[in-house]
Amino acid sequence: MIASFAGWLAIMFGDFYKTGDRVQLGGIKGDVMDIGVLRTTIMETGQWVDGDLYNGRIVLIANSYIFKEPVFNYSGDFPFLWDEIKVPIQFGSNYEKAKQIILNVGLEVAGDLTLESKEKWNSLQKKYLLENAQTEPMVSLIANDNWVEFTLRYVVRYNKRRATKTDLFTKLLQQIEATNGEVKFASATFQIVETPDFNINLKK
């Protein structure tokens, strides 16, 4: 009880988190509903539910946890996250066109957060010793044994990751299919090789 009360004081005056923030405490991730003297109440996200959606469980966590484990705050001074999606493209496709399609989709779906997130990041730089960071969508690529893998990196609001990925993949599917084969998605395929014919000569 003493440790939990001390944790409550630290939360109140140490700016760990506040009501409404999305945090991860003691392995539990969710939105803070209430901060009591002894416990923090969280509406949990994740677990058996994919993405950052509520699963319906209300979790009570002792405030003493802030002295035992790291506190992850997803919506504090910088309420954005960097996220990525990977797009496998077949060898022989038009790589430059593929890169441009992916970048244009990223700008269309997530580009409107570029200016707002940049302003927030600049405020963080004034408050803390941080390097400059790119908040505009960007595309990189690597080639492996199976396909050319494009990675789209973008900034998204902490509570919009799942919806943003859905919008991105929906538009990517539409625009890549519209190239009529100039750009093709890659997939793992297996080729079954037939047994060759054998010629057997029987000698008496």
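Up top is the structure these notes are about.
I will try to describe carefully the structure that is included in this document. No experiment lies behind these values; they were computed from the predicted model shown.

### Here's the deal with the overall build of the protein
Now for step 1: The helix and strand inventory of the protein stands at four helices and eight strands.
Now for step 2: In terms of overall dimensions, the protein is more spread out than a globule: its C-alpha atoms have a radius of gyration of 25 Å, far above the 17 Å expected for 204 residues.
Now for step 3: Along the first, second and third principal axes, the C-alpha set of the protein runs to 95 × 50 × 30 Å.
Now for step 4: Burial statistics for the protein: of 204 residues in total, 37% are counted as buried.

### Structural notes on unusual backbone geometry
Now for step 1: Non-glycine residue Asn 180 carries a positive phi angle of around 55°.
Now for step 2: Judged by its relative accessible area of 74%, Asn 180 is exposed.

### With respect to the sheet that holds strand β6 (residues 80-89)
Now for step 1: Strand order in the open sheet made by the three strands is β6-β8-β7, with antiparallel pairing throughout. Looking at which strands have only one partner, the edges of the open sheet turn out to be β6 and β7 (138-143). Each strand of the sheet is rotated relative to its neighbour by a mean of 25°, with strand direction disregarded.
Now for step 2: As defined by bridge partners, β7 adjoins strand β8 (residues 148-157) across six bridges and the pair is classed as antiparallel.

### Description of the packing of aromatic side chains
Now for step 1: Per the counting criterion, the structure on display carries two aromatic pairs.
Now for step 2: Lying across the ring of Tyr 65, Lys 68 places its NZ or CZ 5.6 Å from the centre.

### Regarding the sheet that holds strand β4 (residues 54-62)
Now for step 1: Here five strands make up an open sheet; going across it, the order is β4-β3-β2-β1-β5 and the pairing antiparallel. Where the open sheet ends on each side, the last strands, each with one partner, are β4 and β5 (72-73).
Now for step 2: With four bridges joining them, strand β1 (residues 22-25) and strand β2 (residues 28-35) adopt antiparallel strand pairing. Its bridge partner lying in β2, Gln 24 is registered against Lys 29.

### Regarding the pattern of salt bridges
Now for step 1: Overall, the coordinates contain nine salt bridges when judged by the stated rule.
Now for step 2: Residue Lys 18 is joined to Asp 21 by a salt bridge in which the shortest nitrogen-to-oxygen separation is 3.3 Å.
Now for step 3: On the basis of relative accessible area, Asp 21 is assigned to the buried category, the value being 5%.
Now for step 4: Across the salt bridge formed by Lys 171 and Glu 108, the nearest N and O atoms sit 3.3 Å from each other. Of the two residues, Lys 171 sits in helix α4 (residues 161-177) while Glu 108 sits in helix α2 (residues 95-110), which places them 63 residues apart along the sequence.
Now for step 5: Because the salt bridges share partners, they merge into one network encompassing Asp 83, Arg 161 and Lys 165.

The rules we used
Residues numbered from 1 in each chain as written. Predicted model: local features only at pLDDT ≥ 70, side-chain atom pairs only at ≥ 80, totals over all residues. Heavy atoms only, no water. Helix = DSSP H or I, 4+ residues; strand = E, 2+ residues; numbered from the N terminus. Rg over C-alpha atoms; globule rule 2.2 N^0.38 Å. Buried < 20%, exposed > 50% of the residue type's maximum accessible area, 1.4 Å probe, protein only. Pairing = 2+ DSSP bridges. Axes fitted to C-alpha atoms, helices over the stretch in contact; angles between N-to-C directions. Phe/Tyr/Trp six-rings, centres within 6.5 Å; stacked < 30°, edge-to-face > 60°. Lys NZ or Arg CZ within 6 Å of the ring centre and 35° of its normal. Salt bridge = Lys/Arg side-chain N within 4 Å of Asp/Glu carboxyl O.

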